[in-house]
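Architecture and fold: a report
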Amino acid sequence: MTTTPAQNASDSSRDPKALYGGTSSRRITVRDIAAAKARGEKWPMLTAYDAMTASVFDEAGIPVLLVGDSMGNCHLGYESTVPVTMDEIAVLSAAVVRGTKRALIVADLPFGSYQEGPVQALRSATRLIKETGAQAVKLEGGERSAEAIKLLVDAGIPVMAHIGLTPQSVNAFGGYPVQGRGEEAAQQLLRDAKAVQGAGAFSVVLELVPAELAAEVTRTLHIPTVGIGAGSECDAQVLVWTDMAGMTPGRLPRFVKQYAQLREVLGGAARAFAEDVVEGAYPAPEHAFH
């Protein structure tokens, strides 16, 4: 028997309209996201890059899935998000859409697909919406991206903005430093947040931003903030799923909390299979055809 998001929720008195734990089985929309902000509801978001993993998260009731260019690091073997292409985003976004029924699917615009200006951004976003079935796109940048966001929104494409640490600018930043420290930097981040809201973005990701500043932005905006390394006062929180589930090897960012150790589990399963094959225990008679 398949459980519903409401059955997965720990609080049986949760609002039936809630993004996580609600009883509706239809696709989440940007109107639902706006309503959650008005209710003061916090909600989770995870990345997803394939149909099977996406189906697990969808069945768990995760209301928003991001097909992030983080696939470059954790799925495609690149050293950063910069090499990810439109073709790669399109193929994996379509897979995530096919694997889900309820979650709002947001497809990332990769580096080089919108930096030329609003017209290129519209062309790239239109392709993702038409080819993949995603319901929204995400792009990086505050004031510098406001014109592109407005054009996309005016064309009927919902946009999730992304400010603070923007990973596509890793070469310009010289790494992944916290953003918004100091009065001047904090004021610029506030201007960026107001700019993307004014341009029509339905939500904004705040990455690697001091918690106090993220809280101020969240109080200031009427659109939801999605935190990643931005403290607990944001309206939503997002993690890269391989970080969250313990698949990512090596040192993780400070903001990551691991909720499982799937790398150990999967490695153990692979070793058990290998040992059975070597010892002749697999396939057993019940696995054969006659």
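Our subject is the structure that appears above.
Just so it is clear, the structure is predicted and the values come from calculations on it, not from any experiment.

Calculation notes
Residues numbered from 1 in each chain as written. Predicted model: local features only at pLDDT ≥ 70, side-chain atom pairs only at ≥ 80, totals over all residues. Heavy atoms only, no water. Pairing = 2+ DSSP bridges. Helix = DSSP H or I, 4+ residues; strand = E, 2+ residues; numbered from the N terminus. Salt bridge = Lys/Arg side-chain N within 4 Å of Asp/Glu carboxyl O. Buried < 20%, exposed > 50% of the residue type's maximum accessible area, 1.4 Å probe, protein only. Axes fitted to C-alpha atoms, helices over the stretch in contact; angles between N-to-C directions. Parallel < 35°, antiparallel > 145°, perpendicular 65-115°, else oblique. Left-handed = near helix turned anticlockwise from the far one by under 90°. Contact = heavy atoms within 4.5 Å. Nonpolar A, V, L, I, M, F, W, Y, C, P; charged D, E, K, R; others polar. 1 Å grid on protein atoms, 1.4 Å probe; cavity = no way out; pocket = protein on both sides within 12 Å on 5 of 7 lines; lining within 4 Å. Points joined across faces, edges and corners; volume = space filled by probe spheres on them. Phe/Tyr/Trp six-rings, centres within 6.5 Å; stacked < 30°, edge-to-face > 60°.

This part is about the pairing of strand E8 (residues 236–239). Two strands pair when backbone bridges link them, and strand E1 (residues 43–47) and E8 are joined in this way by four bridges, in the parallel orientation. Note that in E8 the partner of Met45 across the bridge is Val238. Sheet analysis places strand E7 (residues 225–228) next to E8, joined by two bridges and oriented parallel. Considered in E8, the bridge of Gly227 is made with Gln237.

Glancing now at the pattern of salt bridges. Enumeration over the complete set of coordinates arrives at seven salt bridges. Lys37 is the salt-bridge partner of Asp235, the closest N and O atoms lying 2.7 Å from each other. Linking Asp235 in the loop between E7 and E8 with Lys37 in helix H2 (residues 30–39), this pair joins segments that are 198 residues apart in sequence. As far as burial versus exposure is concerned, Asp235 and Lys37 are alike and both buried. Of the charged contacts, one joins Asp87 and Arg127 as a salt bridge, the two residues approaching to 2.6 Å between their closest N and O atoms. One end of the pair, Asp87, is in helix H5 (residues 86–98); the other, Arg127, is in helix H6 (residues 118–132), with 40 residues separating them in the sequence. Shared partners join several salt bridges into a network, and the residues in it are Asp87, Arg127 and Glu131.

Attention now goes to the packing of helix H9 (residues 183–199) against helix H10 (residues 211–220). If you want to describe how two helices pack, look at the angle between their axes and the distance between the axes. Relative to each other, H9 and H10 sit at 30°, their axes nearing to 10 Å. Classified by the interaxial angle, the pair formed by H9 and H10 is roughly parallel. As H9 packs across H10, the resulting crossing turns out to be right-handed. Of the residues in H10, those touching H9 at Ala186, Leu189, Leu190, Ala193 and Lys194 are Leu213, Glu216, Val217 and Thr220. A per-class count over the contact of H9 with H10 returns six nonpolar, one polar and two charged.

This part is about the layout of surface pockets. Approximately 650 Å³ is the volume found for the largest pocket. If you go around the largest pocket, you meet 30 residues; those closest to its centre are Ser70, Asn73, Glu207, Val240 and Asp243. Elements that contribute at least two residues to the lining of the largest pocket include exactly helix H4 (71–74), strand E4 (136–140), strand E6 (203–207) and helix H11 (241–244). Among the residues forming the lining of the largest pocket, the class breakdown is 15 nonpolar, eight polar and seven charged. Taken as a whole, the second largest pocket encloses approximately 380 Å³ of empty space. Pro44, Gln237, Val238, Leu239 and Tyr259 are, among the 17 residues lining the second largest pocket, the residues nearest its centre. Looking at the lining of the second largest pocket, the element that brings in the most residues is E1, giving four residues. The residue makeup of the lining of the second largest pocket, split by class, is 12 nonpolar, three polar and two charged.

Time to look at the packing of aromatic side chains. Under the defined criterion, the tally for this structure stands at two aromatic pairs. Here the aromatic rings of Phe57 and Trp241 are separated by 5.9 Å at their centres, their planes lie at 65°, and the arrangement is edge-to-face. Residue Phe57 is found in helix H3 (residues 51–59), and its partner Trp241 is found in helix H11; the two are separated by 184 residues along the sequence. In terms of burial, Phe57 and Trp241 fall into one category: buried.

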